[in-house]
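Structural characterization, general
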Amino acid sequence: MHITRSLVLVGTLLAAGAAQAQTANDCPQLPAGTATQWEVQQGPSFVFCRAVERDTARQAFAVTIGREATFKPRRTDRVGNRVSIDGNPTYWHAPQNDLSTGTLVRETLLELPSGDYAHIIVRANDETQLTRALQEVEGLHFSGIRLGSK
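**Describing the environment of Ser84**
Mapped onto the fold, Ser84 is located in strand E4 (residues 78-85). A sequence separation of 53 residues divides Ser84 from Val137, and the C-alpha atoms of the two residues are 9.8 Å apart. Apart from residues no more than four positions distant in its own chain, Ser84 is found in contact with Pro89 and Glu138.

Dropping the structure here:
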């Protein structure tokens, strides 16, 4: 009886490990020493990766990887100087809309080597949260990220 239960437990742990490994491959690699972890939601033609702070469960930022560009950056919404995310030069944008009242929002769009697009969005309550999240995003690595089989 104990052997059967042990085998079931080992099988369950191996399956959970395999699911975690698959999830890690679906999202960009977080910088070393980060205080966030990915929560992943798969869609038919996209993957939605939420970086959630381990200690507060607050979403620090999110990345949607898809075959289509879901965000259309406007030059008039640019803020700050050009930055680099995993070697991709880009700008942060602060779109103006009524939904972000009281929240600091930054967005950008990257075209990945696979031809997929990464829409990155940061929402913060204050400048300190915003700065921390932007620094973490700028440390992401998209190497090997490919949506499904092309």
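**Looking at the confidence of the model for the protein chain**
Taken residue by residue, the protein chain gives an average pLDDT of 81. The fraction at 70 or more is 77%. Of all secondary-structure elements in the protein chain, the lowest mean pLDDT belongs to helix H1 (residues 2-26), at 41, while strand E3 (residues 59-66) reaches the highest, 96. Segment residues 1-24: pLDDT under 50, and one contact once partners within four positions in sequence are set aside and those in other chains are kept.

**Focus: unusual backbone geometry**
Notably, Ala57 is not glycine yet its phi reads approximately 65 degrees, a positive angle. Its location among the elements puts Ala57 in the loop between strand E2 (46-53) and E3. The exposed category is assigned to Ala57, whose relative accessible area is 53%. Positive phi is not limited to glycine here, since Asp86 has a value of about 50 degrees.

**Section: the state of the cysteines**
All chains considered together, the criterion is met by one disulfide. In this model Cys27 forms its disulfide with Cys49; the gap between the sulfur atoms is 2.1 Å. Between Cys27 and Cys49, the S-S dihedral sits near -95 degrees, and the bridge is therefore left-handed. With a gap of 22 residues between them, Cys27 in the loop between H1 and strand E1 (36-42) and Cys49 in strand E2 connect regions that are remote in the sequence. For the pair shown, Cys27 and Cys49 are each scored as buried.

**Points about the packing of aromatic side chains**
To describe a pair of aromatic rings, you give the distance between the ring centres and the angle between the ring planes. Throughout the structure, instances matching the rule amount to one aromatic pair. The ring of Tyr91 has Arg78 sitting right over it, with the charged end atom 3.8 Å from the ring centre.

Calculation rules
Residues numbered from 1 in each chain as written. Predicted model: local features only at pLDDT ≥ 70, side-chain atom pairs only at ≥ 80, totals over all residues. Heavy atoms only, no water. Helix = DSSP H or I, 4+ residues; strand = E, 2+ residues; numbered from the N terminus. Contact = heavy atoms within 4.5 Å. pLDDT = per-residue confidence, 0-100. Buried < 20%, exposed > 50% of the residue type's maximum accessible area, 1.4 Å probe, protein only. Disulfide = S-S within 2.5 Å. Phe/Tyr/Trp six-rings, centres within 6.5 Å; stacked < 30°, edge-to-face > 60°. Lys NZ or Arg CZ within 6 Å of the ring centre and 35° of its normal.

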